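An overview of the molecular structure
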Amino acid sequence: QVQLVESGGGLVQAGRSLRLSCVASSYIFSVNAMGWYRQAPGKQRDLVARITSSGITTYADSVKGRFTISRDNAKNTNTLYLQMNSLKPEDTAVYYCNVKFGWTGDYWGQGTQVTVSS
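Residues numbered from 1 in each chain as written. Predicted model: local features only at pLDDT ≥ 70, side-chain atom pairs only at ≥ 80, totals over all residues. Heavy atoms only, no water.

1. Observations concerning the packing of aromatic side chains
Just so we agree on the cut-off: For Phe, Tyr and Trp, rings pair up if their centres lie within 6.5 Å, where Trp contributes its six-membered ring, and each pair is then called stacked (planes under 30 degrees apart), edge-to-face (over 60) or tilted (otherwise). Helix and strand labels come from DSSP, where a helix needs a run of H or I of at least four residues and a strand needs a run of E of at least two; each type is numbered from the N terminus. Burial here depends on accessible area, computed with a 1.4 Å probe over protein chains only, as a share of the maximum for the residue type. Under 20% is buried, over 50% is exposed, and the range in between is partly exposed. To sit over a ring, a charge needs its Lys NZ or Arg CZ within 6 Å of the ring centre and within 35 degrees of the ring normal.
Tallied over the entire structure, the rule returns three aromatic pairs. When the centroid spacing of 4.9 Å and the interplanar angle of 65 degrees are considered together, the rings of tyrosine 37 and tryptophan 108 count as edge-to-face. With tyrosine 37 in strand E4 (residues 31-39) and tryptophan 108 in strand E10 (residues 105-108), this residue pair connects regions lying 71 residues apart in the sequence. We classify tyrosine 37 as buried; its relative accessible area is 15%. Overall, tryptophan 108 belongs to the partly exposed group, its relative accessible area being 33%. Centre to centre, the rings of phenylalanine 101 and tyrosine 107 are 4.7 Å apart; their planes meet at 25 degrees, and the pair counts as stacked. Over the ring of tyrosine 96 we find arginine 45, and its NZ or CZ is 3.6 Å from the ring centre. The ring of tryptophan 108 has arginine 45 lying over it, and the distance from NZ or CZ to the ring centre is 4.7 Å.

2. A word on the layout of surface pockets
Short version of the rule: Points on a 1 Å grid, built from protein atoms alone, make a cavity when a 1.4 Å probe fits but cannot get out and make a pocket when they are open with protein on both sides within 12 Å along at least 5 of 7 lines; residues with an atom within 4 Å of a point are the lining residues. Grid points are joined across faces, edges and corners, and a volume is the space filled by probe spheres set on the points. As a working rule, the residues Ala, Val, Leu, Ile, Met, Phe, Trp, Tyr, Cys and Pro are called nonpolar, Asp, Glu, Lys and Arg charged, and the rest polar, with Gly in that last group.
By volume, the largest pocket is sized at about 210 Å³. Forming the boundary of the largest pocket are 19 residues, of which Tyr27, Val31, Arg71, Thr77 and Asn78 lie nearest the centre. Contributing elements (two or more residues each) for the lining of the largest pocket: E4 and strand E5 (46-52). Looking at the lining of the largest pocket, the element that brings in the most residues is E4, giving three residues. Residues of the lining of the largest pocket, tallied by class, amount to eight nonpolar, eight polar and three charged. The space that makes up the second largest pocket amounts to roughly 170 Å³. If you trace the second largest pocket, you find 13 residues lining it, with Arg38, Ala40, Lys43, Asp46 and Glu90 closest to the centre. Residue assignment for the lining of the second largest pocket shows that the elements contributing at least two residues are E4 and E5. Element by element, the count of residues in the lining of the second largest pocket is highest for E5, at three residues.

Put into structure tokens, the structure is as follows:
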């Protein structure tokens, strides 16, 4: 079983930046897309940003222009990043890494807490 390990979360003031990373414990073949989701207390888990195997990116409207998703294109690695700039208190949530592969494969990380103070 592949594990996704997120890192980079923490407590920051509004307006500052954080960079999240997600690393797979072993190489995942046939990746279709990798993405970041977030879940605030009492709310559902929502897509933040996504990047397909061909490099097409999608962002939630609330983070467009502030967040940038990217991946490590080195051979035999599945590493994902999320650069978060101009953070707002409403960005506070647990952020999860996700990898979709094959026909129905789906891996999730354990999540990393991001807290933005006003």
